Amino acid sequence: MDDVPNKLLKGIVFNGHKLIGLTILCLVILRFFWMLINPKPYLEATRLERLAERTVHWALYIALFAMPLAGWIGSVAGGRPPRWGSLVFNLPIKPGEYVADIAFTLHNKLAIIFIVLISLHVLAALFHHFVKKDHVLQRMLP
Ligand code: HEM
Ligand code: HEM
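What comes next concerns the included structure. (Residues numbered from 1 in each chain as written. Chains lettered and ligands numbered in written order. Predicted model: local features only at pLDDT ≥ 70, side-chain atom pairs only at ≥ 80, totals over all residues. Heavy atoms only, no water.)

1. Quick notes on the site of ligand 1
And step 1. Neighbouring ligand 1 are 17 residues, the closest being His-17, Met-67, Gly-71, His-107 and Asn-108.
And step 2. In this structure, His-17 approaches ligand 1 through a side-chain N or O atom, which is 2.8 Å from a nitrogen atom.
And step 3. Here His-107 contributes a side-chain N or O atom positioned 2.7 Å from a nitrogen atom of ligand 1.
And step 4. Elements supplying a minimum of two residues to the shell around ligand 1: helix H1 (7–37), helix H2 (47–77) and helix H3 (97–132).
And step 5. With 6 residues, H1 is the single largest residue contributor to the shell around ligand 1.
And step 6. When the residues that make up the shell around ligand 1 are grouped by side-chain class, the tally is 10 nonpolar, 6 polar and 1 charged. (Near = heavy atom within 4 Å. Polar contact = N/O pair within 3.5 Å; in protein donor to acceptor, adjacent residues only side chain to side chain. Helix = DSSP H or I, 4+ residues; strand = E, 2+ residues; numbered from the N terminus. Nonpolar A, V, L, I, M, F, W, Y, C, P; charged D, E, K, R; others polar.)

Encoded structure:
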């Protein structure tokens, strides 16, 4: 995003990133509560597999909440909240370099953690499908 040469385009790309991020936050909130009230179908698994599944899924949820929240707090504290036309998605926090710095440091560090988690998660899904040959992938279908 930083490398976009045109100033107007850069603003659009940054704001687009923010709006997509906020949409993800809304969807994750819905999905999270849906998951809590709809228990997953039972799957045969060892204790270690269950521990790995719980750890990575919870970590993914935490990252899916923390990532957009950190970006949102950083943007508002940095004086550039997300916008949709005349609608400004503000937060009740005062603009300030210090908070913006902390929030964006977190946002950037979370990007790495996210990549590691998603890689582990996708590898696990492939492991189930091609090595264990069970129905974990098909369970995603409605
Ligand atoms: C799941 C949602 C999101 C993901 C996966 C995500 C991902 C990223 C990534 C990978 C970067 C680049 C980090 C780097 O420079 O190393 C970034 C930067 C940035 N994000 Fe997000 N983001 C999300 C949500 C948001 C939201 C909701 C906002 C604001 C409302 C936001 C605002 C920003 C800004 C302003 C930057 C530039 C920060 C800087 O210059 O250091 N992001 N984001
Ligand atoms: C090729 C990409 C992906 C595949 C094949 C995949 C596959 C799966 C499968 C099969 C499950 C269900 C496990 C079960 O029934 O117990 C699952 C759950 C989940 N996935 Fe993915 N996934 C992918 C990408 C992602 C990404 C990119 C994210 C997050 C950014 C993600 C987040 C989650 C979360 C949070 C759950 C737990 C859902 C719940 O139980 O509420 N997945 N994934």
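And the narrative resumes.
2. A few points about the site of ligand 2
And step 1. As a matter of local geometry, ligand 2 sits amid 16 residues, with Arg-31, Met-35, Lys-40, Tyr-61 and His-121 nearest to it.
And step 2. Taking Arg-31, its side chain carries an N or O atom lying 2.7 Å from an oxygen atom of ligand 2.
And step 3. In the model, a nitrogen atom of ligand 2 is placed 2.7 Å from a nitrogen or oxygen of the His-121 side chain.
And step 4. Within the residue set of the shell around ligand 2, elements represented by two or more residues are H1, H2 and H3.
And step 5. With 5 residues, H3 is the largest single contributor of residues to the shell around ligand 2.
And step 6. Split by residue class, the shell around ligand 2 holds 11 nonpolar, 2 polar and 3 charged.

3. Some words on the packing of aromatic side chains
And step 1. Evaluation of the coordinates by the stated rule reveals 4 aromatic pairs.
And step 2. Plain terms: the ring middles of Phe-32 and Trp-58 are 5.7 Å apart, the flat faces sit at 80° to each other, and that makes the pair edge-to-face. Pair noted here: Phe-32 is in helix H1 and Trp-58 is in helix H2, with a separation of 26 residues, a long-range link.
And step 3. Residue class for Phe-32 comes out buried when judged on its relative accessible area of 13%. (Phe/Tyr/Trp six-rings, centres within 6.5 Å; stacked < 30°, edge-to-face > 60°. Buried < 20%, exposed > 50% of the residue type's maximum accessible area, 1.4 Å probe, protein only.)

4. A short note on the side chain of Lys-18
And step 1. Along the chain, the position of Lys-18 falls in helix H1.
And step 2. For the buried Lys-18, which has no salt bridge, the nearest side chain bearing the opposite charge is Asp-2, at an N-O separation of 10 Å.
And step 3. Not counting residues within four places of it along the chain, the set of residues in contact with Lys-18 comprises Ser-75, Arg-80 and Pro-82. (Lys, Arg positive; Asp, Glu negative; His and termini not counted. Salt bridge = Lys/Arg side-chain N within 4 Å of Asp/Glu carboxyl O. Contact = heavy atoms within 4.5 Å.)

5. Structural notes on the coordination of the iron atom of ligand 1
And step 1. Binding of the iron atom of ligand 1 to the protein goes through His-17 (NE2) and His-107 (NE2), at separations of 2.0 Å.
And step 2. One way to put it: the 6 donor atoms around the iron atom of ligand 1 meet at angles of 85 to 180°, and that makes the site octahedral. Residue His-17 is found in helix H1, and its partner His-107 is found in helix H3; the two are separated by 90 residues along the sequence.
And step 3. By relative accessible area, His-17 is classed as partly exposed at 41%. (Donors = N, O, S within 2.8 Å, 3.2 Å for Na, K, Ca; no water. Tetrahedral: all angles 85-135°; square planar, octahedral: opposite > 155°, others 65-115°.)

6. Quick look at the pattern of salt bridges
And step 1. Using the criterion set out here, one finds 2 salt bridges in the structure.
And step 2. The closest approach of N and O atoms between Lys-40 and Glu-53, which form a salt bridge, is 3.4 Å. Taken together, the positions of Lys-40 in the loop between H1 and H2 and Glu-53 in helix H2 put the pair 13 residues apart, joining distant regions of the chain.
And step 3. Residue class for Glu-53 comes out partly exposed when judged on its relative accessible area of 30%.
And step 4. A salt bridge links Lys-132 to Glu-49; the nearest nitrogen and oxygen atoms lie 2.6 Å apart. Note that Lys-132 is positioned in helix H3 and Glu-49 in helix H2, a separation of 83 residues in sequence.
And step 5. Looking at Glu-49, the relative accessible area reads 25%, which means it is partly exposed.

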